[in-house]
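Chains, contacts and geometry: an overview
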Amino acid sequence: MTLIKTTFGRRSFIKTTALAGGGIMIGFSWFASCKQPSPEQVKSLPDEWFEINGFLKIGDNGLVTIMSPNPEIGQNVKTSMPMIVAEELDVDWNNVIVEQAPLNTAIFTRQLAGGSQSIRQGWDGLRMAGATARHMLKEAAAKNWEVPVAEITTEEGMLHHKNSGKSAGYGEMASAATAIPVPEEVRLKAVEDFKIIRTSRKNVDGHKIVTGKPLYGLDYHREGMLIAMIAHPPAFGLKLKSLDATEARKMPGIKDIFTIKTYEDDYVMSMFDADAFPELVVVAGNSTWEVLNAKKALKIEWEPFEAYTDVFAHYGTGEEMPKEMPAGRENSADHIKEMENLSAKSAKTVRMDGDPGKAFKEADHIVERSYSAPFLAHNTMEPMNFFADVTEDKAELVGPVQTPEFMEKAVAARLGLPLDKIDLQMTRQGGGFGRRLYGHFVVEAAVISKKMKAPVKLIYTREDDMSFGNYRPAYYATYRAALDADKNLIGFHVRAGGIPESPLFANRFPAGAVDNYLAEEWAVNSNITVGAFRAPRSNFIAGAEQSFLDEVAEAAGKDPIAFRLELFKRAENNPVGEKNDYDASRYAGVLKLVREKSGWGTNSAPNTYRGVSAYYCHNSYVANILDMVMEEGEPVVQKVYCAVDCGIVVNPVAATNLVEGGTVDGIGHAMYSGLTFKNGAPEQNNFDKYRLIRHKEAPKSIEVHFVKSDTKPTGLGEPPFPPVMGALANALYKATGQRHYHQPFITDKPIKS
């Protein structure tokens, strides 16, 4: 067992007796959620709950409610997080329900869905919340029965005293427990005693999702609300010049047409306020169809803008940083040329070990390859939307956003209202992938509602979303490897950059495994706005790195897995440098596991071509082996083996789903997706032009294996996404004899059998 101080986030604990039916409530600030009550459960709830924004409640009937302050974007925290609380509380999982809490920055911290951190950062706090409630219930029972608390045991929501034969449900002791002081420390369960954690539990919203119950922002409806849509410049580098809405105003159902500025000029933005087009045209009316038609009838002139500088407050530090927005209308063809040129020149040195120059000068053989990837649109299933009802003294907001705490502050600043007058409620989100970190659309909805003096739901069309910005950046990387006469790797050099940021992680593998190592980076300013995309930066550099390592292994005459394991052994036993940000033994562990489970080298089917990769990001390790066959001259992904080390797996079925989804997503983007620009305008603005993976193109089978671990959980929403791109490229080479260096692979080179 582990002792944990309850002073961890102590402000998160709130105890009250103000519960109808004599229940106990313990609030906590580290993300939780479980499931909405069924009609039968609702009937059995106490008549009144004492409500705050985030808490654990125990009713006198034994039911437990955990209110969740965290956004649910499909990563299944709404099931997995309350499992952690229920485990330490020692309650029957069938007696746990959930309600989504609204935002409350006075109580909760990090109300954010991003960085694959929800379970990792919530682990201790969630366990503490459950364990503390359990301790207080035991204390109450001991006092009531006049026995030592050490003799009280619990099981599935029941308290027992073996010597006296007394038992009671949690609900019977809930009222008495409210008089028990919150302990200074509580004892957590030993990992081997887990009964709920590490068992598979179905998505608690699953039935509602598949039966179309209202869960998402687009489902939200308020009687009398208006529908609003926006028109923004058709190209980056342009701004509004003039608006003629004469004809559009005459159309049925239209209430008003006007322009807004999303943010005031002197507003210091957070990184989540990224906004490509600060001045927009708004159409507001009675229905989506009427507004959409009026929007098409607008006559708008756009003009080039001059270069300017925005100021952003750095996430975490608050440090103000300038961000340059150059003038001009950019083209993808020019981007490629500029990236190629910069990748051929010396750049900013980020890390250097040994003497790389000497190693390359004395090398017997040098392998050099360049890789690129285009901009990508997030393309969440549910386009951006938000409801707002703003009056003179308050604002109510409802919808899907990954950063509610930041957007609440942005809305308060924009409307000139105190923070406590902003009520932001979160809905389930139809996809995030980083796009909903940037909540300008929340502020837009609030500004529109204030102008209309009416409740409004702002809706983006697919074209609006795909052409508004906040894309995955375009990237380029050149790798060089130096081999001696015995084909040993003696030098490694990576020079990487992008528009407008570099994808380089200088301290990741193979840093630490090569005596002579050089990492350089560069970046190109752009007025095309970018943002976090699932596994930021890793989503390109992993595939490039893993493709290159296969070529180096081939040049060295070595099996690609054996080659990697040699490097990991060096990094584990005699590492180079002190800043290596990975655990070489865990890294090697997933490679060994996937090699074993796939039968690598001994069990491949006839006419099956295999590619391997492994990568570390978001504190987790993932290795893939991808099996490919050729059918009528076309590559078909037959099977993908995945080995994952993410520490303790809270909910195996949900974790498996995340790995499967990330694997399909990675294959799809590497193979098919790309966003290009001509004179500043996106050339793909809907799915007729932007290629996503189809059902028939997904792997026929995905086999997932988790490393058995007692380590605290780490990230899982993003780590399965990047490495499979390298496995795909390496399998394509085996199947076709051609290397693929530029994503999407489908347009890189003709694929031949």
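Residues numbered from 1 in each chain as written. Predicted model: local features only at pLDDT ≥ 70, side-chain atom pairs only at ≥ 80, totals over all residues. Heavy atoms only, no water.

1. Description of the overall build of the chain
When helices and strands are counted, the chain shows 18 helices and 33 strands. In terms of overall dimensions, the chain has a C-alpha envelope of 80 × 75 × 50 Å along the principal axes. In the chain, of all internal contacts separated by at least 6 residues, the share reaching a separation of at least 24 is 77%. Accessible area of the chain: about 29,600 Å², with a carbon and sulfur share of 48%. (Helix = DSSP H or I, 4+ residues; strand = E, 2+ residues; numbered from the N terminus. Contact = heavy atoms within 4.5 Å. Areas by Shrake-Rupley, 256 points an atom, 1.4 Å probe, with all protein chains shown as cover.)

2. Concerning the sheet that holds strand 18 (residues 320-325)
On the basis of which strands lie adjacent, the open sheet formed by three strands has the order 14-17-18 and mixed pairing. Bordering the open sheet on either side are strand 14 (269-270) and strand 18, each of which pairs with just one other strand. As defined by bridge partners, strand 14 adjoins strand 17 (residues 308-313) across two bridges and the pair is classed as parallel. Bridge assignment links Met-269 to a residue of strand 17, and that residue is Phe-312. (Pairing = 2+ DSSP bridges.)

3. Let's talk about the packing of helix 10 (residues 404-415) against helix 11 (residues 440-452)
Their axes nearest at 9 Å, the elements helix 10 and helix 11 cross at an angle of 35 degrees. The crossing of helix 10 and helix 11 is right-handed. Every residue of helix 11 that contacts helix 10 at Met-407, Ala-410, Val-411, Arg-414 and Leu-415 is listed here: His-440, Val-442, Val-443, Ala-446, Val-447 and Lys-450. Residue composition of the contact of helix 10 with helix 11, by class: eight nonpolar, one polar and two charged. (Axes fitted to C-alpha atoms, helices over the stretch in contact; angles between N-to-C directions. Left-handed = near helix turned anticlockwise from the far one by under 90°. Nonpolar A, V, L, I, M, F, W, Y, C, P; charged D, E, K, R; others polar.)

4. Observations regarding the nonpolar core
Counting 98 residues, the largest nonpolar core has Phe-375, Leu-397, Leu-424, Val-442, Ile-448, Leu-626 and Leu-728 as the members making the most contacts within it. Grouped together as the second largest cluster of nonpolar side chains are 55 residues, Leu-565, Leu-591, Val-612 and Tyr-641 included. (Core = buried A, V, L, I, M, F, W, Y, C linked by side-chain atoms within 4.5 Å. Buried < 20%, exposed > 50% of the residue type's maximum accessible area, 1.4 Å probe, protein only.)

5. Quick word on helix 7 (residues 288-296)
Those residues of helix 7 that fall on the buried side of the exposure criterion are Val-291, Ala-294 and Lys-295. All buried residues of helix 7 fall inside an arc of 105 degrees around its axis, so they share one side. Pointing more than 90 degrees away from the buried face of helix 7 are the exposed residues Trp-289 and Lys-296. Buried positions along helix 7 lie against strand 11 (226-231), helix 6 (246-249), strand 13 (254-261), strand 15 (279-285) and helix 12 (462-466). (Arc of directions from axis to C-beta.)

6. Re helix 2 (residues 77-89)
Under the 1.5 Å per step criterion, the end-to-end length of helix 2 is 18 Å for 13 residues, consistent within 8% with the ideal 18 Å. Across the 13 residues of helix 2, 13 count as buried, placing the element largely inside the fold. (Expected span 1.5 Å × (residues − 1).)

7. Some thoughts on the packing of aromatic side chains
Counting across every chain of the model gives 30 aromatic pairs. Taken together, a centroid distance of 5.0 Å and an interplanar angle of 55 degrees make the contact between Tyr-220 and Phe-387 tilted. Separated by 167 residues along the polypeptide, Tyr-220 in the loop between helix 5 (206-210) and strand 11 and Phe-387 in strand 21 (residues 385-390) bring together distant segments of the chain. An angle of 80 degrees between the planes, with centres 6.0 Å apart, marks the rings of Tyr-371 and Tyr-479 as edge-to-face. (Phe/Tyr/Trp six-rings, centres within 6.5 Å; stacked < 30°, edge-to-face > 60°.)

8. Here's the deal with the confidence of the model for the chain
Put simply, the chain has an average pLDDT of 90, and 90% of its residues get 70 or more. Low pLDDT (under 50) marks residues 8-37, which in the prediction has 142 contacts with non-local residues, meaning those over four places away or in another chain. Residue range residues 46-55 is modelled with pLDDT below 50. Its contacts to residues more than four positions away, or to other chains, number 41 contacts. (pLDDT = per-residue confidence, 0-100.)

9. Details of the pattern of salt bridges
Inspection of the entire model under this criterion finds 34 salt bridges. Among the ionic pairs, Asp-465 bridges to Arg-435, the shortest N-O distance being 3.2 Å. In this pair, Asp-465 is assigned in helix 12 and Arg-435 in the loop between strand 23 (422-426) and helix 11, connecting sequence segments 30 residues apart. Classification of Asp-465 as buried rests on a relative accessible area of 5%. A relative accessible area of 1% means that Arg-435 is categorised as buried. Residue Lys-558 is joined to Glu-566 by a salt bridge in which the shortest nitrogen-to-oxygen separation is 2.9 Å. One salt-bridge network, held together by shared partners, links Glu-72, Lys-78, Asp-205 and Arg-428. (Salt bridge = Lys/Arg side-chain N within 4 Å of Asp/Glu carboxyl O.)

10. Quick notes on the side chain of Gln-117
Structurally, Gln-117 is set in the loop between strand 6 (96-100) and helix 3 (118-145). The class of Gln-117 is buried, set by a relative accessible area of 9%. Looking at Gln-117, its side chain comes within polar contact range of the side chain of Arg-120, at 2.7 Å. (Polar contact = N/O pair within 3.5 Å; in protein donor to acceptor, adjacent residues only side chain to side chain.)

11. Looking at unusual backbone geometry
Each neighbour pair has its own omega, and for Ile-499 with Pro-500 the value is 0 degrees, a cis peptide bond. A cis amide bond links Gln-743 with the next residue in sequence, Pro-744, at an omega value of -5 degrees. Turning to its location among the elements, Pro-744 is positioned in the loop between helix 17 (723-736) and helix 18 (745-748). At Asp-90, a residue that is not glycine, the phi angle is positive and equals roughly 65 degrees. By the secondary structure assignment, Asp-90 is in the loop between helix 2 and strand 6. Here Asp-90 falls in the buried class, since its relative accessible area comes to 6%. Notably, Asn-607 is not glycine yet its phi reads approximately 60 degrees, a positive angle. Relative to the helices and strands, Asn-607 is located in the loop between helix 15 (584-598) and strand 28 (609-617).

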